[in-house]
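Below, each chain spelled out in residue letters.
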Amino acid sequence: MTAPMSPEAFEQALRAKGQYYHIHHPFHVAMYEGRATREQIQGWVANRFYYQISIPVKDAAIMANCPDRDTRREWIQRIIDHDGEPGSEGGIEAWLRLGEAVGLPRDKVLSGEMVLPGVRFAVDAYVNFARRASWQEAASSSLTELFAPTIHQSRLDTWPQHYPWIDPAGYDYFRKRLKEARRDVEHGLRITLGHYTTWEAQQRMLEILQFKLDVLWSMLDAMSMAYELERPPYHTVTKDAVWHRGIAL
Ligand SMILES: O=C(O)c1cc(C(=O)O)c2c(n1)C(=O)C(=O)c1cc(C(=O)O)[nH]c1-2
């Protein structure tokens, strides 16, 4: 039996997974290098909205599986961050304003009509994982957020100069997440470092983190097909967006 990694070595192994973060996806690189078209940015914002609205559902699933009151008391803040509360609009509203800033009417974003099937499937896989896994495993799968402040900062640093047509009021979401993601990571790491204490469990956690990285990467693959290679679903048959709009279960 291999000895477990120390908490420090385990955290290092988790952080090393950052090399596969979607910040390295060519669609993302094009966005922060200023090579993305207006249609590509709009496509990304409209598709990412599905991730935004699914995150609180995912977090509610984690809480539903968690019998530990102290954990729930901390975890609930994530739902509030996105859904908002009296006096604070929350991340979903901020994302809708990002949509308006890039020229997308609210109704169009809210309708989900631009959400590509590949993006929907990837996001749904994340929510379904959270429903079925133990709350500790589901909680630890949020740890791609270790790498999120860098990606939000990269947008704040580069988008205003590359895309002067975007209304700067739209950038609030990214600014807000810098702080929230750091706090989420601190809690997620506490749970994760305490829960995975054997070598085998630690290897499983690294696979869970890879699964989550795959979710994020696959979303951008679907967007590349549609907005970069101009091969949206059914492109050989029709120019119409005939794909399904989500099947409520
Ligand atoms: O813009 C991004 O690249 C990005 C990535 C991630 C992530 O790593 O999952 C999240 C977010 N943003 C984000 O804004 C957010 O609220 C968030 C919550 C979670 C999660 O798994 O619970 N990930 C992310």
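The chain carries the name Pyrroloquinoline-quinone synthase in an unreviewed UniProt entry, which gives Pseudomonas jilinensis as its organism. Of the chain, the UniProt comment under Catalytic activity (unreviewed entry) reads exactly: "6-(2-amino-2-carboxyethyl)-7,8-dioxo-1,2,3,4,7,8-hexahydroquinoline-2,4-dicarboxylate + 3 O2 = pyrroloquinoline quinone + 2 H2O2 + 2 H2O + H(+)".

## Quick notes on the overall build of the chain
Within the chain one finds 11 helices and 0 strands. Ordered by position in the sequence, the α and β elements of the chain form the string α-α-α-α-α-α-α-α-α-α-α. With respect to the three principal axes, the spread of C-alpha positions in the chain is 55 × 45 × 40 Å. Here the chain, with 249 residues, has 52% of them falling under the buried criterion.

## Observations regarding the site of the ligand
Around the ligand, the surrounding shell holds 18 residues, and the nearest of these are Y21, Y51, K58, Y126 and Y173. Measuring from an oxygen atom of the ligand, one finds a side-chain N or O atom of H22 at 2.8 Å. H82 has a polar side-chain atom sitting 3.1 Å from an oxygen atom of the ligand. If the ligand stood free it would expose 470 Å²; the protein chains cover 99% of that surface.

## Concerning the pattern of salt bridges
A full pass over the atoms with the stated rule returns 21 salt bridges. Across the pair E113 and K108 runs a salt bridge, and its minimum N-O distance is 3.5 Å. Classification of K108 by relative accessible area gives partly exposed; the value is 30%. The partner of E186 in a salt bridge is R190, and the shortest N-O contact between them spans 3.0 Å. Of this pair, E186 and R190 both sit in helix α10 (residues 172-195), 4 residues apart, which is roughly one turn of that helix. When its relative accessible area of 42% is taken as the criterion, E186 is described as partly exposed. Look at R190 and you get partly exposed, because its relative accessible area is 43%.

## So, empty space enclosed by the protein
One pass over the structure, following the stated rule, counts 1 cavity of 30 Å³ or more. Of the pockets and cavities examined, the largest cavity occupies roughly 280 Å³. Looking at the largest cavity, it is lined by 24 residues, and the ones nearest its centre are Y51, I55, E145, A148 and R177. A total of 6 residues in the lining of the largest cavity trace back to one element, the largest contributor, which is helix α3 (residues 38-64). Its residues assigned to classes, the lining of the largest cavity shows 8 nonpolar, 6 polar and 10 charged.

## Considerations on the packing of aromatic side chains
Overall, the coordinates contain 15 aromatic pairs when judged by the stated rule. Ring plane angle 85 degrees and centroid distance 5.9 Å describe the contact between W159 and Y163, whose orientation is recorded as edge-to-face. Neither residue differs from the other here; W159 and Y163 are each classed as buried. A ring pair is formed by W159 and F174, whose centres lie 5.7 Å apart and whose planes are at 80 degrees; its orientation type is edge-to-face. Remark: F174 occurs in helix α10 and W159 occurs in helix α9 (residues 148-162); sequence separation between them is 15 residues.

## Looking at unusual backbone geometry
Negative phi values dominate among residues other than glycine, just as trans dominates among peptide bonds. In this structure, E230 takes a positive phi of about 55 degrees despite not being glycine. Mapped onto the elements, E230 comes out in the segment after α11 (199-227). In this model, Y234 sits at a positive phi of 70 degrees, which is unusual for a non-glycine residue. Residue placement: Y234 occurs in the segment after α11.

## Structural notes on the UniProt feature "domain: Thiaminase-2/PQQC" (unreviewed entry) in the chain
Mapped onto the present numbering, the UniProt feature "domain: Thiaminase-2/PQQC" (unreviewed entry) falls at residues 13-221. Counted over residues 13-221, helix gives 74% and strand 0%. Its end C-alpha atoms are 26 Å apart.

## Description of a nonpolar patch on the surface
A surface patch of nonpolar side chains, about 330 Å² in accessible area, is lined by Y234, V237 and V242. Relative to the helices and strands, V237 is located in the segment after α11.

Basis of the calculations
- Residues numbered from 1 in each chain as written.
- Predicted model: local features only at pLDDT ≥ 70, side-chain atom pairs only at ≥ 80, totals over all residues.
- Heavy atoms only, no water.
- UniProt positions renumbered as here; feature names shortened; annotations may be inferred.
- Helix = DSSP H or I, 4+ residues; strand = E, 2+ residues; numbered from the N terminus.
- Buried < 20%, exposed > 50% of the residue type's maximum accessible area, 1.4 Å probe, protein only.
- Near = heavy atom within 4 Å.
- Polar contact = N/O pair within 3.5 Å; in protein donor to acceptor, adjacent residues only side chain to side chain.
- Areas by Shrake-Rupley, 256 points an atom, 1.4 Å probe, with all protein chains shown as cover.
- Salt bridge = Lys/Arg side-chain N within 4 Å of Asp/Glu carboxyl O.
- 1 Å grid on protein atoms, 1.4 Å probe; cavity = no way out; pocket = protein on both sides within 12 Å on 5 of 7 lines; lining within 4 Å.
- Points joined across faces, edges and corners; volume = space filled by probe spheres on them.
- Nonpolar A, V, L, I, M, F, W, Y, C, P; charged D, E, K, R; others polar.
- Phe/Tyr/Trp six-rings, centres within 6.5 Å; stacked < 30°, edge-to-face > 60°.
- Patch = residues over 30% accessible without salt bridge, like charges linked within 9 Å, V, L, I, M, F, W, Y side chains within 5 Å.

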